[in-house]
Amino acid sequence: MIQGEDIADVIVVGAGAVGLSTAYQLIQARPTLKVVVLEKEARPAFHQTGNNSGVIHSGIYYKPGSLKAQLCCEGREELVSFCQEHEVAHDVCGKIIVATEERELDGLQKIYQTGLANGLAKIEMIDGKGVSAIEPHCNGIAGIFVPYTGIVDYVGVCQKLQQLIDAKAPRHRVVYQAAVQQIQVRNDVYELQTQAGLIKGKYLLTCGGLYSDQLARMEGLQPNCRIVPFRGDYYDLTPAARHKVKNLIYPVPNPAFPFLGVHFTRMVDGTIECGPSAVFSFKREGYAKTDFSWKDTIDALTFKGTWKLFFKHWRFGINEYQQAFSKGIYLKKLQKLVPSLTIEDLVPGRSGVRAMALNPDGTMVDDFLYVHHHRSIHVLNAPSPAATACLAIGRVVSGEAIRHFNL
Ligand SMILES: Cc1cc2nc3c(=O)[nH]c(=O)nc-3n(C[C@H](O)[C@H](O)[C@H](O)COP(=O)(O)OP(=O)(O)OC[C@H]3O[C@@H](n4cnc5c(N)ncnc54)[C@H](O)[C@@H]3O)c2cc1C
């Protein structure tokens, strides 16, 4: 282990998809650097990456010219090649986005145009018959078929990235159960107080997901944005109901919110998940409905952006809360897409918590965001589709580090 007087060239904090990809891309570009990844949990992908929907996003939703659009499209291709090369379970099976009411048709058309602007030339507008030819149990008046979308085992991706990093141990290493508790700089060397002891390094890259803002603050930065956690609960379809969904069925999302709406996803193990919802969580890593942390709640509620968000979207918030506690309400939403679903078809599934970076005015930080400090780069916002885009984000962040720090 790199510890005590041994000094790493670069310390990466976080063994989610973004941290591991950043370390991997850095090592690919500069194999002689000594790189150490610090992770507070006992295994990779423990939080957002390992609890997400497992979708390889196409890039159809994101503002043309944004980092999200660019890195999602690039990252998707890199991710599929990576999975092919390293035999990680995945399937580029395509998805449909479905309008069930006339008033959604404008939104559907806008998504289609955005997709074309983002270079997705093979997407297709389809009518109701086209929808049922792809998904026989789905009710839709029109849709978009997106052949670029897929499903993948993100935990498998991270395990493989970790193996590739650890293959060069002790030069490169992933250290688990090494929560970073304090960051100090002495004589241009970072000294990180961690659960696994003192770790030193010349440069620092943090990819802390739900704690990205706190890691930046630990180094003395005062980022404008604050991470506010949003839990998403899933239901699973029972084995008897799985035939009602072949692959992935998405609604037309409400453009006022950064969430895609509850959808159906075939996972790589063949199960079908429905969700996720989006409710404010009283704990950053709170996966159960009743999880609560004073510290996280005070942190969120003393930030004026959180209140502005609540006031602006109170109706959406109440709906999502009702849905979180009522299977019947959740079912109604799902039945818009697959009317033959019954309450017996659904069993409660797992939950994930999204790290939403909020601005002080209550708006979401829309794009991926990283900031430079003295000898560090902090990834402050890496929401969906950051798992899809992880290898591209890792290339960009490691490239910035190489250029900026002359590595
Ligand atoms: C419910 C849900 C569904 C989603 N669906 C999709 C999808 O289908 N497709 C997609 O592309 N994206 C999806 N996303 C988004 C995607 O999962 C995230 O954008 C991505 O995983 C972010 O990766 P990350 O490495 O930044 O964060 P994380 O995976 O959260 O990793 C951050 C890591 O940092 C560690 N860490 C934090 N603080 C410290 C510390 N002090 N010391 C040491 N380690 C620390 C954490 O333990 C964690 O392991 C979804 C997200 C959620 C929550």
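Below is a summary of the structure that appears in this document. In this text, all values refer to a predicted model and were calculated from it rather than measured experimentally. (Residues numbered from 1 in each chain as written. Predicted model: local features only at pLDDT ≥ 70, side-chain atom pairs only at ≥ 80, totals over all residues. Heavy atoms only, no water.)

**Observations regarding the sheet that holds strand β8 (residues 150-152)**
And then number 1: As summarised here, the arrangement of the three strands in space is β3-β8-β4, forming an open sheet in which the pairing is antiparallel. At either margin of the open sheet sits one strand with a lone partner, and together these are β3 (55-56) and β4 (90-91).
And then number 2: Looking at chain direction, β4 and β8 are connected through two bridges and run antiparallel. By the bridge assignment, H90 is partnered in β8 with V152. (Pairing = 2+ DSSP bridges. Helix = DSSP H or I, 4+ residues; strand = E, 2+ residues; numbered from the N terminus.)

**Details of the packing of aromatic side chains**
What characterises a pair of aromatic rings is the spacing of the ring centres plus the angle enclosed by the ring planes.
And then number 1: If you walk through the whole model with that rule in mind, you get 12 aromatic pairs.
And then number 2: Ring centres of F230 and F280 lie 6.4 Å apart, and the angle between their planes is 80°; on these two criteria the pair is classed as edge-to-face. Of the two residues, F230 sits in strand β13 (residues 226-237) while F280 sits in strand β17 (residues 279-280), which places them 50 residues apart along the sequence.
And then number 3: The exposure class assigned to F230 is buried, which follows from its relative accessible area of 6%.
And then number 4: Summarising the aromatic geometry, the rings of W307 and F310 are spaced 5.9 Å apart at their centres and angled 80° between planes, so their arrangement reads as edge-to-face. (Phe/Tyr/Trp six-rings, centres within 6.5 Å; stacked < 30°, edge-to-face > 60°. Buried < 20%, exposed > 50% of the residue type's maximum accessible area, 1.4 Å probe, protein only.)

**Here we look at helix α8 (residues 304-312)**
And then number 1: Among the residues of α8, those classed as buried are G305, T306 and L309. Summarising the axial view, the buried residues of α8 lie within an arc of 105°, below the 170-degree limit, and thus occupy one face. α8 presents K304 and F311 as exposed residues on the side facing more than 90 degrees away from its buried surface.
And then number 2: As for α8, its buried residues are in contact with β13, β17, α7 (294-301) and β18 (346-358). (Arc of directions from axis to C-beta. Contact = heavy atoms within 4.5 Å.)

**Some points on the packing of helix α1 (residues 17-29) against helix α11 (residues 390-404)**
And then number 1: Packing of α1 against α11 brings their axes to within 7 Å, and their N-to-C directions diverge by 55°. For the element pair α1 / α11, the angle class is oblique. Every pair of crossing elements has a handedness; the one defined by α1 and α11 is right-handed. On α11, the residues that touch A17, V18, S21, T22, Y24, Q25, L26 and A29 of α1 are C390, L391, I393, G394, R395, V397, S398 and I402.
And then number 2: For the contact of α1 with α11, the residue count by class is 10 nonpolar, five polar and one charged. (Axes fitted to C-alpha atoms, helices over the stretch in contact; angles between N-to-C directions. Parallel < 35°, antiparallel > 145°, perpendicular 65-115°, else oblique. Left-handed = near helix turned anticlockwise from the far one by under 90°. Nonpolar A, V, L, I, M, F, W, Y, C, P; charged D, E, K, R; others polar.)

**Examining unusual backbone geometry**
And then number 1: With an omega of -5°, the peptide bond between G275 and P276 qualifies as cis.
And then number 2: In this fold, P276 is placed in the loop between β16 (272-275) and β17.
And then number 3: Between S384 and P385 the backbone carries a cis peptide bond, its omega angle lying at 15°.
And then number 4: In this model, N406 sits at a positive phi of 55°, which is unusual for a non-glycine residue.
And then number 5: Its location among the elements puts N406 in the segment after α11.

**A look at the site of the ligand**
And then number 1: Taken together, 37 residues form the shell around the ligand, and within it E39, T49, V180, A382 and T388 come nearest.
And then number 2: Here an oxygen atom of the ligand sits 3.3 Å away from a polar atom, N or O, in the main chain of A17.
And then number 3: In isolation the ligand exposes 1,000 Å². Once the protein is present, 97% of that is buried.
And then number 4: Listing elements by their share of the shell around the ligand, those giving two or more residues are α1 and β18.
And then number 5: Counted by class, the shell around the ligand contains 19 nonpolar, 14 polar and four charged residues. (Near = heavy atom within 4 Å. Polar contact = N/O pair within 3.5 Å; in protein donor to acceptor, adjacent residues only side chain to side chain. Areas by Shrake-Rupley, 256 points an atom, 1.4 Å probe, with all protein chains shown as cover.)

**Observations regarding helix α10 (residues 327-337)**
And then number 1: For α10, the set of buried residues is Y330, L331, L334 and L337. Buried residues in α10, looked at end-on, bunch into an arc of 100°, giving them a common side.

**Overview of the packing of helix α2 (residues 67-86) against α11**
And then number 1: For the pair α2 and α11, interaxial distance at closest approach is 6 Å and the crossing angle is 110°. Judged on the interaxial angle alone, α11 and α2 are roughly perpendicular. Along its contact with α2, which presents L71, E74, G75, E78, L79 and F82, the element α11 presents L391, A392, I393, R395 and V396.
And then number 2: By residue class, the composition of the contact of α2 with α11 is seven nonpolar, one polar and three charged.

Bear in mind that shape data such as this cannot, by itself, settle questions of function.
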